Every structure is written in structure tokens, then in C-alpha cells.
Amino acid sequence: MNSKIKLFGIAREIIGSSELEWEIAEASTVQQLLDSLKSNYPQLANLKSLAVAVNSVYAKEGDKVSSSDEIALIPPVSGG
Amino acid sequence: MNSKIKLFGIAREIIGSSELEWEIAEASTVQQLLDSLKSNYPQLANLKSLAVAVNSVYAKEGDKVSSSDEIALIPPVSGG
Amino acid sequence: MMFKIVDQPLNPQEVIDLVAGEEAGAIDVFIGTVRGSTQTKKVLRLEYEAYDAMAIREMEMLAEKVKGIWPVHKIAIYHRKGVLQVGDIAVVLAVSTPHRKEAFEACQYTIDRLKERVPIWKKEVFEDGEEWVAAHP
Amino acid sequence: MMFKIVDQPLNPQEVIDLVAGEEAGAIDVFIGTVRGSTQTKKVLRLEYEAYDAMAIREMEMLAEKVKGIWPVHKIAIYHRKGVLQVGDIAVVLAVSTPHRKEAFEACQYTIDRLKERVPIWKKEVFEDGEEWVAAHP
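Residues numbered from 1 in each chain as written. Chains lettered and ligands numbered in written order. Predicted model: local features only at pLDDT ≥ 70, side-chain atom pairs only at ≥ 80, totals over all residues. Heavy atoms only, no water.

- Labelled according to an unreviewed UniProt entry, chain C appears under the name Molybdopterin synthase catalytic subunit, originating from Rapidithrix thailandica.
- You can read under Pathway (unreviewed entry) in the UniProt record for chain C the words "Cofactor biosynthesis; molybdopterin biosynthesis."
- Reading the Catalytic activity (unreviewed entry) entry of the UniProt record for chain C gives the comment "2 [molybdopterin-synthase sulfur-carrier protein]-C-terminal-Gly-aminoethanethioate + cyclic pyranopterin phosphate + H2O = molybdopterin + 2 [molybdopterin-synthase sulfur-carrier protein]-C-terminal Gly-Gly + 2 H(+)". (UniProt positions renumbered as here; feature names shortened; annotations may be inferred.)

- An unreviewed UniProt entry lists chain A under the name Molybdopterin synthase sulfur carrier subunit, with Rapidithrix thailandica given as the organism.
- Under the UniProt heading Sequence similarities (unreviewed entry), the entry covering chain A gives this text: "Belongs to the MoaD family."

Here you go:
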């Protein structure tokens, strides 16, 4: 099913939009999502880090994501 | 010659005035001044420390004081 | 509201007022501002963006963690987003504690962790280009 | 005037404004306030006095020393004297530096030394007595 992934900072600029429609397979993991995004947008792989937030919380690589979650890509933060 | 010694905090309360007229012998030292004050006001000897400022600067025990200097007693400070 | 992301100029006094109180003998306040140069390049402006909901949540979790380490009375963090000029305040963080040592420690720890975890990003805009800070190795 | 002894309420913003500037990426501000209790006793008020001329001179010398240790942009210290009530601000100290680590270090060092050297005294007044702080061993 398709999901909308929130994009910020350099990830937003690489992908060219603040939201990306993306197909998320049933029972896929954060790692699988990252792999598929990086293979479609290779510049994402050049970042110092790239995390995924699921429902506003940092997710671990093995966490499951589903299309009903609020998903966001978190490139290296630089607040302050 | 007589000099006026500025007094602050607990030293002011022990001596009972914000300024003390005191005879300072020619070429006497900070240490000698402190000794004569403590023997006249024994409660000064109970303080955690008692320094002397000469012309607004901390003086060392061996420094000379003269009646033309601005002299102050500095009991333990507690600013902040 | 002790934690805020705002797109208007920050007022340190407002943040200080949030943490003051009779329990607090010490308040340490950190103010981060936009510097006019970075290493060798002249900075024209900074552009900040935030994942607001998550940033607030991370700040709240961070504050809870800090309160578990030091006897903190209150913590408040205001972070600005949008376009900032040189000299503008990007973040104000205030921590109140009974004694000063823990105020310094808790404040420094909080700003260090904020910079590592809270989803806020800044882009430096120079005369001849721009760069997302810390994005690449 | 970066160093002041005043007998009116202190305004942190005024002190912060003195140290801000384009060179300063980081400002650390320490605010010391009168707590409502000390160890076990309830404090009614504090009475501060200062040897003003020497206190200012000591603050200036302290600031010079701090600038020799850290790359400090500016330091400002305002200290209040007279009768202070619980919650009142006794001291505001602001230090600006290019980066945050040295702002925290320089600010903490400055307040630590100020409490050791600058000729200012406070008397705590309790319900059943009073005491010059730190006067006796």
C-alpha cells in the first residue's frame, strides 16, 4: 500500500519534495524501507547518517513499518 | 598617624562601625595591622579568614601599609 | 509550554521566566546565535527547518532524562526555525536547579544531546553556495 | 559598563545584550537567585553589601584572566546589593564565545572565582536569627 513519507533538510532537497508517496510492503522493516529509498535516490546513501522516525519516534533498523504509520526520514540533525 | 579603615560585613558588625579610626605606625605591615586589630577585637580572630585590601587590591601579609593608603578589612566573601 | 519551535525572534527573558522559582538558587541559560563566519566562509543567512511534533517530543524526553541525572527544578527550550540572519538567536535553553554546579552540567548536557538527537536542520547560505550542516561525512 | 554593583532589581536581558555580537555563536548566562530555604532553615531575606570600587576592580581583573584562558568575546557581570527577597536575582553573569564548550567553561569558572574573591558579603536572615554566610569555619 502507498504511504506518504515526510522529508526534511537535505533529504527533502535530494528527493525534491517535502513528502514522498512510497509503496510499503506488508510487514517490511525500517532497514528494507531505507534500502529501497537509497537504491532509488543514491545520494541518500552519501549522507553521514539517515534515520527513520515512525510516529515521531526514532525507529530501529529491525522495527516494522506499516502504511498506517507516520513515517519520516531523518538526515543528520544540526539544531542549536 | 591615624587612618580610617573601611569595614564590611561581619567585620563591620564586630567592630560596630563601617569605618574605624586606627593608628598605623610608620612602615608597619599588613600582618602587624591584622595582629593589632585582632588583639583589640578578638572576635575577628574567629573568622574563617580576614584579608586586608590596600587601595582596592588584596594585600599580602608582608606588604607595607601607610596612613595615606585606603585600607579595608575583607572578611570571608560570599557574593553570588 | 516549556518546549517550543517558533518562527519568530526568540526572547531569552521569556524562557528564563519559565524556569525561575523559589526552589531555584541557580539558573543557567544557553543562547545559541548565528555567527557571521564559519571556518573561513562568510555566512549570509541560515535556514532552519524542524519536524515540529517529533522535535517537541524529543525535547520532552530529553528533559525527563536530564531530571533523572540532576536535581533539576525546571527546563525550558525554545528553538527558532525559518530564515535567520547573522546575530539572530537560534535557541534558548534554561535550566534551574538548587545549586550552580548542576545547573551548568545539566544545561551543557541538554544542549549537547539536543544537537545530536532533536530533528532540526540548518542550511548555511554563503555568498557562493549553500550547505546543510553536518549532512555529509 | 560591563561590571556593575546595583541596588535595584537586575534585568538578565540587559546583561545578555552587553555580550551579544556577530562574533558570538554561544552565550552562557548564569543567574543566581535567593532560595527560600538553606539546608533546613527558612530564609526571610538576604542582605548584601559590597566594597563597590574594589568589587568592580576584581571583576575586571577576573574577566581579563578568563579572556587569557578561553577565546571569550565579552563578559558582563551585574551584582545586586541591599535587601533581597526570596526569588530575587543576586547576580547575572553572561559570557559570549565563538563555540558553546568554552562559554560554559568560562562562565562557570568566572562565577566560581567571583564567589571566592570579589568583596561582596551576604547575611541570611531567618525567622529566629541571622548569619553572615561563610564567615566562620
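### Re the overall build of chain A
Part 1 of the argument: Secondary structure assignment for chain A yields two helices and seven strands.
Part 2 of the argument: Along chain A, helices and strands appear, N-terminal first, in the series β-α-β-β-α-β-β-β-β.
Part 3 of the argument: Relative to the 2.2 N^0.38 estimate, which gives 12 Å for 80 residues, the radius of gyration of chain A is 12 Å and therefore close to what a compact globule would have.
Part 4 of the argument: With the principal axes as the frame, chain A shows a C-alpha extent of 35 × 25 × 20 Å.
Part 5 of the argument: Within chain A, the fraction of its 80 residues that count as buried is 49%.
Part 6 of the argument: Taking the intrachain contacts of chain A between residues at least 6 apart in sequence as the baseline, contacts between residues at least 24 apart amount to 48%.
Part 7 of the argument: As displayed, chain A has an accessible area near 3,900 Å², and 45% of this comes from carbon and sulfur atoms.
Part 8 of the argument: Each charge class in chain A can be summarised by its mean position, and for the 7 positive and 10 negative side chains these summaries are 7 Å apart. (Helix = DSSP H or I, 4+ residues; strand = E, 2+ residues; numbered from the N terminus. Rg over C-alpha atoms; globule rule 2.2 N^0.38 Å. Buried < 20%, exposed > 50% of the residue type's maximum accessible area, 1.4 Å probe, protein only. Contact = heavy atoms within 4.5 Å. Areas by Shrake-Rupley, 256 points an atom, 1.4 Å probe, with all protein chains shown as cover. Lys, Arg positive; Asp, Glu negative; His and termini not counted. Charge placed at Lys NZ, Arg CZ, Asp CG, Glu CD.)

### Quick notes on the interface of chain B and chain D
Part 1 of the argument: Each side of the interface is counted separately: chain B has 24 residues, and chain D has 28 residues.
Part 2 of the argument: Of the roughly 2,200 Å² buried at the junction of chain B and chain D (both faces included), carbon and sulfur atoms supply 57%.
Part 3 of the argument: Here chain B is connected to chain D by two salt bridges.
Part 4 of the argument: For the salt bridge of glutamate 13 of chain B with lysine 123 of chain D, the shortest nitrogen-to-oxygen distance reads 2.8 Å. (Buried area = accessible area lost by both parts, 1.4 Å probe. Salt bridge = Lys/Arg side-chain N within 4 Å of Asp/Glu carboxyl O.)

### Digging into the interface of chain D and chain C
Part 1 of the argument: With 29 residues of chain D at the contact, the number on the chain C side is 29 residues.
Part 2 of the argument: The contact between chain D and chain C buries some 2,500 Å² in all, and 56% of this surface belongs to carbon and sulfur atoms.
Part 3 of the argument: Considering only the side of chain D, the residues that lose the most area to chain C are Arg35, Arg100 and Phe104 of chain D, jointly responsible for 25% of the buried surface there.
Part 4 of the argument: At the boundary of chain D and chain C, one finds two salt bridges.
Part 5 of the argument: Where aspartate 112 of chain D meets arginine 100 of chain C, a salt bridge forms, and the shortest distance between an N and an O atom there is 2.9 Å.

### Observations regarding the sheet that holds strand S5 (residues 57-58) of chain B
Residue and element names in this part refer to chain B.
Part 1 of the argument: With respect to topology, five strands assemble into an open sheet ordered S2-S1-S7-S4-S5, the strand pairing being mixed. Pairing within the sheet leaves two strands with one partner each, and these edge strands are strand S2 (19-23) and S5.
Part 2 of the argument: Against the sheet, helix H2 (residues 30-40) contacts strand S1 (2-6), S2, strand S4 (51-54) and strand S7 (71-74), and its axis sits at roughly 110 degrees relative to S2. (Pairing = 2+ DSSP bridges. Axes fitted to C-alpha atoms, helices over the stretch in contact; angles between N-to-C directions.)

### Thoughts on the sheet that holds strand S2 (residues 26-33) of chain C
Part 1 of the argument: Pairing within the open sheet is mixed, and its eight strands lie in the order S1(C)-S5(C)-S7(C)-S2(C)-S2(D)-S7(D)-S5(D)-S1(D). Here the strands that pair on one side only, and so sit at the sheet edges, are strand S1 (3-6) of chain C together with strand S1 (3-6) of chain D. On average, adjacent strands in this sheet sit at an angle of 10 degrees to one another, irrespective of strand direction.
Part 2 of the argument: Across four bridges, the pairing between S1 of chain D and strand S5 (residues 74-80) of chain D is parallel. Bridge assignment links isoleucine 5 of chain D to a residue of S5 of chain D, and that residue is histidine 79 of chain D.
Part 3 of the argument: Here helix H1 (residues 12-19) of chain D sits on the sheet and contacts S2 of chain C together with S1, strand S2 (26-33), S5 and strand S7 (89-97) of chain D; the angle it forms with S5 of chain D, its principal contact strand, is near 160 degrees.

### A look at the pattern of salt bridges
Part 1 of the argument: Taken as a whole and assessed by the stated rule, the structure comprises 22 salt bridges over all chains.
Part 2 of the argument: Note that arginine 117 of chain C is salt-bridged to glutamate 58 of chain C, the shortest N-O span being 3.0 Å. Here arginine 117 of chain C, found in helix H3 (residues 100-117), pairs with glutamate 58 of chain C, found in helix H2 (residues 52-69); they are 59 residues apart in sequence, far enough to count as distant.
Part 3 of the argument: The class of arginine 117 of chain C is partly exposed, set by a relative accessible area of 36%.
Part 4 of the argument: Given a relative accessible area of 4%, glutamate 58 of chain C falls into the buried group.
Part 5 of the argument: Each of Glu13 of chain A together with Arg45, Glu47, Lys123 and Glu130 of chain C takes part in one network of salt bridges that share partners.

### A word on the relation of the copies chain D and chain C
Part 1 of the argument: Overlaying chain D with chain C gives an RMSD of 0.0 Å, the required rotation being 180 degrees about an axis along which the chain moves by 0.0 Å. Within this description, the copies of the chain are treated as partners about a two-fold rotation axis. Among all C-alpha atoms of chain D, that of valine 29 of chain D lies closest to the rotation axis, at 2.5 Å.
Part 2 of the argument: Interface residue correspondence from chain D to chain C reaches 100%, placing this contact among same-surface, isologous pairings. (Least-squares fit on C-alpha atoms with pLDDT ≥ 70 in both.)

### Section: the environment of leucine 93 of chain C
Residues and elements named next belong to chain C.
Part 1 of the argument: Mapped onto the elements, leucine 93 comes out in strand S7 (residues 89-97).
Part 2 of the argument: Along the primary structure leucine 93 and isoleucine 120 are separated by 27 residues, whereas in three dimensions their C-alpha atoms are 15 Å apart.
Part 3 of the argument: Sequence-distant contacts of leucine 93, defined by excluding residues within four places in its chain, comprise Asp28, Val29, Phe30, Ala76, Ile77, Cys107, Thr110 and Ile111.

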